[in-house]
Amino acid sequence: MNMRPDTKITSALRETISAETIRQLNEGSQSAFDEVYHAYFVYLCSIAVYYVHDHDSAAEIVNDVFLSLWDHRSEIFPPVLAYLRRSVQNAAVSHLRSRLYRTGTLTLTDEKLWDYVSDTVTASDDPLAMLADEDLRQRVREQVEQLPPRCRSIFKACMYEGMDYREIAERESLSVSTVRVQMKIAVDKLHEQMKMPLWLIALLLY
C-alpha cells in the first residue's frame, strides 16, 4: 500500500481559500467552513496517514482538527492552511506518543524527545520532508532485520502490529518482563546503530 502523499499538490493548495472566506468563517458561516473542509481535507489526511500509517486514524485526526477549527472559528486568520497543517502534525505526533505509552515503549525520559519533535519535524513548512527520505527509512528497516531473531520478532510485533507487551507475551509464550527486556535491547541496538533518537526511529517505522 502506498501511503506517500502527492506533495505536488501542496503549492496548488497554498492559498485556495480567500481572506473573505475566512472572514465569513469567523462570523460562523457553515458554507465557508464547508469550503475550507473540502479544499484541504484530502491533503491533510495525506499528512496524517504518513505519520500514523492508518487511513481511519488519519481521517479521525483530521476531522478532530476541523472540529477544533469550528470551535475556534472566531480566532482564525489567513493563511488557514498553515494553522491546519500544524494542528494535524501535532495531533498525529500526539497519537503516536499515546500509542507508544499504551504499548509500554515510551518512558518519561523519551517524553522529552517527543517535545523535541514539536520544535523540529512539526515546525517545518514541508512536514513530509524528513519522513519522506526513503533511503533513511530503508536504513532503519535494514537495522531491524539485523536484530537477533527473538528480539526482532518482538520488536516488529510491537512497532508494526501495534501489540502490547501482554499480547506479545501470550503469543510468544514468554513472560511480560522478558518481552520488556527484549524491546529495550532492540531500541538500544537501533539507537546505537542509527545514531538517532527514538522518536525519529519510531516515526520512520510507520
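Located above this text is the structure these notes cover.
Residues numbered from 1 in each chain as written. Predicted model: local features only at pLDDT ≥ 70, side-chain atom pairs only at ≥ 80, totals over all residues. Heavy atoms only, no water.

## Details of the pattern of salt bridges
Here is the rule we go by: Salt-bridge detection follows one rule: a side-chain nitrogen of Lys or Arg within 4 Å of a carboxyl oxygen of Asp or Glu. Throughout, exposure labels follow a simple rule: accessible area from a 1.4 Å probe, protein chains only, divided by the maximum for the residue type, with under 20% read as buried, over 50% as exposed, and the rest as partly exposed.
For the coordinates displayed, the defined rule picks out 7 salt bridges. With a shortest N-O distance of 3.9 Å, Glu145 and Arg152 are connected by a salt bridge. The class for Arg152 is partly exposed, based on a relative accessible area of 22%. Residues joined by salt bridges that share partners form a network here, namely Glu20, Arg23 and Glu27.

## Things to note about the packing of aromatic side chains
Filter applied, for reference: Two rings from Phe, Tyr or Trp (for Trp, the six-membered ring) form a pair when their centres are within 6.5 Å of each other. A pair whose planes differ by under 30 degrees is stacked, one over 60 is edge-to-face, and the rest are tilted. Helix and strand labels come from DSSP, where a helix needs a run of H or I of at least four residues and a strand needs a run of E of at least two; each type is numbered from the N terminus.
In total, this model carries 5 aromatic pairs according to the counting rule given. Considering the side-chain rings of Phe33 and Tyr37, the 6.3 Å spacing of their centres and the 35 degrees angle between planes classify their relative orientation as tilted. With Phe33 and Tyr37 both in helix α3 (residues 30-52) and 4 residues apart, the pair spans about one turn of that helix. Judged by its relative accessible area of 21%, Tyr37 falls in the partly exposed class. For the pair Phe33 and Trp70, a centre-to-centre distance of 5.4 Å together with 70 degrees between the ring planes defines the contact as edge-to-face. In this pair, Phe33 is assigned in helix α3 and Trp70 in helix α4 (residues 55-71), connecting sequence segments 37 residues apart.

## Things to note about helix α2 (residues 19-26)
In plain terms, the rule: To be clear, the arc concerns the directions from the helix axis to the C-beta atoms.
Taken together, the buried positions of α2 are Thr21, Ile22 and Leu25. Buried residues of α2 fall within an arc of 100 degrees about the axis and therefore sit on the same side. Phi turns positive, to about 95 degrees, at Gly28, one or two residues after α2.

## Quick look at a negative patch on the surface
The condition that has to hold: Here, patches come from residues exposed beyond 30% relative accessible area and free of salt bridges, joined within 9 Å for like charges and within 5 Å for nonpolar side chains (Val, Leu, Ile, Met, Phe, Trp, Tyr). Only the protein chains shown count as cover for residues, and the accessible areas themselves come from Shrake-Rupley with a 1.4 Å probe. In this tally, Asp and Glu contribute negative charge and Lys and Arg positive charge; neither His nor the terminal groups of the chain are included. The atom standing in for a charge is NZ when the residue is Lys, CZ when it is Arg, CG when it is Asp and CD when it is Glu.
The grouping of Asp54, Asp56, Glu60 and Asp64 at the surface amounts to a negative patch. Topologically, Asp56 is positioned in helix α4. Of the residues examined, Asp56 reaches a relative accessible area of 65% and is grouped as exposed.

So, to be careful, I would describe these as geometric facts and stop short of saying anything about function.
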